[in-house]
Structure formats: C-alpha cells, structure tokens
Amino acid sequence: MHRRLIAPGALAAASLLLAVPASAAAYQPGAPGIGDPYYPYYGNGGYDVSHYDLRLKYQPRTDELEGTATVLATTTQDLSRFDLDFLLDVSEVRVNGAKAAFATSGQHELEITPAAPLRKGTPVTVVVRYRGVPSTKSAYGFTTWHRTPDGAVAADEPEAAWWWFPSNDHPSDKATYDVSVTVPDGTQAISNGTLQSTSSRLGWTRYTWRSRAPQATYLATLAIGRFDVTTGRSEGGVPVVNAYSRNLGDNDGAARASVERTGELVDWLTGYFGPYPFDSVGGYVPDTTTGYALETQTRVYYSPRQFANGSNTSVVVHELAHQWYGDDVSLKGWRDIWINEGFARYAQWLWSEHEGEGTTQELADYVYASHPADDPFWTVAPGDPGPDNQFDIAVYDRGALAVQALRNEVGDDAFFAILKGWPKEHAYGNASVADFRAYAEKVSGKPLDALFDTWLFQPSKPAVSAARTVSL
Ligand code: ARG
Ligand code: ZN
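Per an unreviewed UniProt entry, the recorded name for the protein is Aminopeptidase N, and the organism is Streptomyces caeni. Under the UniProt heading Sequence similarities (unreviewed entry), the entry covering the protein gives this text: "Belongs to the peptidase M1 family." The UniProt entry for the protein carries the following text under Catalytic activity (unreviewed entry): "Release of an N-terminal amino acid, Xaa-|-Yaa- from a peptide, amide or arylamide. Xaa is preferably Ala, but may be most amino acids including Pro (slow action). When a terminal hydrophobic residue is followed by a prolyl residue, the two may be released as an intact Xaa-Pro dipeptide."

Shown next as structure tokens:
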C-alpha cells in the first residue's frame, strides 16, 4: 500500500481499493546491476535476498536440470520491476503468490514484473519454475557449468550461479540456503552445509543440504556424480564431510591423502583465525578437468589436477583459509579480492613454515627476488587489480607479500591480533580493503596509508626495506 498518496480521511476506504498507486512514477525498475564497477551487470538493484530454497532434479545422461527456486527477499526501494541473474528457461514466475510477467534481457538478466508494484521495505517471495540444459547456455561467450562423465559441477568465481539457480548474483547479498536435488539412484548430489536427509523413490534419490550461515552466491556449489563420501569430526569438534569421484584413477590416493586432512587443518587454522565459523566442513573432488580449486562455503571444490603430482595439503590450507577470509567475511565488491587471495596465500606460507619448508619471511623474500623491477608482475595492484587481473598471480603472491609487510610494520603481537580479530569484527558480513586498513590501524595504533599504498596500489616494485622493517 502506498499510504502517502491517500488523502486523510479517505485512508481506510482507499487503502482497501488502492492496489496500484495513483502515482506509478514513484515505483521504478530495480537496476540490472548492483553497482560493482568491475562487473556492472552482476547482482541487481532494489532488493536484498535472505534465503534461497532450491528444489531441483538432474538427469546426468542428458544434462537436463529442472526445478523450482523460492527466493525470499526484502525490497530496498519502491519497485515496479526487478531482475534476477539467470540463464535457464523459465516457465513461470510468481511474486507473493500471484503470477508475474517475465522476460530476458542482456546477457543474464531475468526481468520480473509483478502484478502489483512492490513497496520499499516489504518482504517478497519469488517462485521461479525452470528447466534447461545448463551446458548449452553461455553468457559473455563462456559456460562455467562443467559436465563430467557421470554428472556435472557448478563451482566457479565470480560466475557460477547463473547456470543453476536464479539469484542476486553478487557477494554483497548473502543468504541462507536449502538445496534439495533429486538424481538417479546410485548418483549423489553434493552441496554446501549439512546433509539434512536422503530419500529414494521410483528410481530417484533426493539429497537435501542446508546452509545455516549467510553465503555468497558464488560460494554455493552443486556437484552431481558417483562419489565415495567420507564423514568424521575434527578433534576440535567440526563435522567433516568429504566426497571423491569414483573415477579419480591415479589421483585418488593423493586426493584423499590431502583432503582427508581437512579436519586437522581446519583445527590448525583456528589457532590463527579463531573459531571455525560454520557447522560443517569438507571438500569434494569431482571428475573435472579444470585447473583450479574454489573455496565453496563449507564444501571446497578441488580439481583432480590439484593432486596430479602427489599430495597437496597446501591447496587444502588455502581453501580452508578462505572459509574465514572470503566466506565468513566476504568482499563488498570484486575489487576487494586481495582480502581473499592475499590472506589465503599467506596461510599457505604459515603452513609452509609449520612444515619446515621455509618461513613466511623467506617466502616473501623469495617472491620479491623472483620478480625483477621490470616484471609485469609489479604492474598489477592487488588492492585494485581490475577485472582482467582479478586472479592474476600477483593478487596472490604480491598480495601475501603485502601481508608480510604489514606484519613487519605492526609487529607480531598486533599482526596476529588483526589476523584473528578480523573474522570476528565482520562475522558473516562484508568488508572492503579500506575497512581492513581501518581495522589494522585501530588494532595496531599505527597509520598504514603509506604501507597499503606501496604494497597494494602502486604499479611498481616497492623498495625491499618496506617488507623487512623489523627483520633486517
Ligand atoms: N578463489 C579461487 C582460489 O584461489 C580461485 C578461483 C579462480 N577462478 C577460476 N575460474 N579460475 O582458490
Ligand atoms: Zn584463493
């Protein structure tokens, strides 16, 4: 109801009749992007999602995915229309129970026009029925839905959701999830959080997963295939669920020798980052050929290639470090990627030191010395690398070098207080590089603008002394 437009006295009668406001001009379409300068059309304007409920069915033989997404949101402006980001074929949309008009636009926008406009600050329930063959859909010329010989995987960054559920696809809008997927008997469906139930009927098995903590859209994952699932509990009490494709062949031993150490490693990281923020942890290794791993929340995605040369606990440490740096505390915008990758790389350096394979300072010195001043490596500014360099090696290695420089500047006591305090300061929320600097300055009591500028923002090789202010 749009009470502002109703004359006093006519209020009671008019509010019953006035389903559509007298002045439609007050109601505007939500923006097709949430305002991220790197990716203008990612996410959407006008609402904030609190929960995704996905009930899906997948047939590996044909790559057909069908289902219903129920999205709970609250409007943040008066809305005549709003978008979700999505690529599959939609057959029906309902908003607050009533059928809504819909159309596609741009590369991945689903435009929804509700029967009645939506007043700012009201709860909205959006139901989207859909089906499609995800591997046939692309946006900007690519597909991140990966079919495997016995299923498929959705796990990529920054784009993954468009191929399997309609969303407000940006890390700044986190939500809880229930993901329920029906697959042919003998096949598993793996997702984030805890497995609530499985049930079989008529040759199909339903797996229902729940994520109770807020989760960014790119951290939602789905893997379908024939997996061997292992369960346990870390010494520190965190339930562990891992899954291995039955087709890992030569990589099976190395994958298990690495990922089965998840509980031990999550407990070890707790010493640096504080209590593990979620109610489950684990990883899965599907039969994919991609080269990367991804910190999908509570259930890390590993490519078998991570284990092609033997065990690799370092990648497990990296992805588990992201559970605090990236998943618990998520980016405000994609330009803040240093907070994710710089700290996940630094955690690998801490692990290397623990394993007697080089101290963090030795690794920092090594990275520094490996790149001469004219190496393009130094032209990438980890604090604002640009969309094309978001996952450049400099974001990781120069990013971790910046963390070591910070440590040397503020000293170990302040540094480790910052490392552990940050996830607590912004638990289950979002933060930017500027927020991190402000926090580090608050904890250390030191101005850090020059240090951050030198190590994160200048497109040139910093003077070596800056990384070694204490240790030289
Ligand atoms: N955050 C991931 C990691 O560092 C990187 C993912 C890169 N994405 C990609 N599609 N290659 O573990
Ligand atoms: Zn990473």
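Chemist: Please give an account of the UniProt feature "domain: Aminopeptidase N-like N-terminal" (unreviewed entry) in the protein that cites residues and values.
Modeler: Summarizing the sequence annotation, UniProt attributes the feature "domain: Aminopeptidase N-like N-terminal" (unreviewed entry) to residues 50-219 in the numbering used throughout. Taken end to end, residues 50-219 has its terminal C-alpha atoms 15 Å apart, with 0% of it in helix and 58% in strand.

Chemist: So what's going on with the site of ligand 1? Which residues, and what values?
Modeler: The immediate surroundings of ligand 1 are formed by D156, E157, Y292, A293, L294, E295, H318, E319, E341 and F391. Considering only residue class, the shell around ligand 1 consists of four nonpolar, one polar and five charged.

Chemist: Please provide a residue-by-residue account of unusual backbone geometry, values included.
Modeler: Cis peptide bonds are those with omega within 30 degrees of zero, and the linkage from E157 to P158 qualifies with 5 degrees. Mapped onto the elements, P158 comes out in the loop between strand 11 (151-154) and strand 12 (175-184). Phi is positive for D63, close to 65 degrees, though the residue is something other than glycine. Within the secondary structure layout, D63 lies in the loop between strand 2 (47-59) and strand 3 (64-75). According to the C-beta neighbour criterion, D63 is partly exposed, with 17 such atoms within 10 Å. Of note, the phi angle at N96 is positive, near 50 degrees, even though the residue is not glycine. Mapped onto the elements, N96 comes out in the loop between strand 5 (89-95) and strand 6 (98-99).

Parameters at a glance
- Residues numbered from 1 in each chain as written.
- Chains lettered and ligands numbered in written order.
- Predicted model: local features only at pLDDT ≥ 70, side-chain atom pairs only at ≥ 80, totals over all residues.
- UniProt positions renumbered as here; feature names shortened; annotations may be inferred.
- Helix = DSSP H or I, 4+ residues; strand = E, 2+ residues; numbered from the N terminus.
- Near = placed C-beta within 6 Å.
- Nonpolar A, V, L, I, M, F, W, Y, C, P; charged D, E, K, R; others polar.
- Buried ≥ 20, exposed ≤ 12 C-beta atoms within 10 Å, placed from the backbone.

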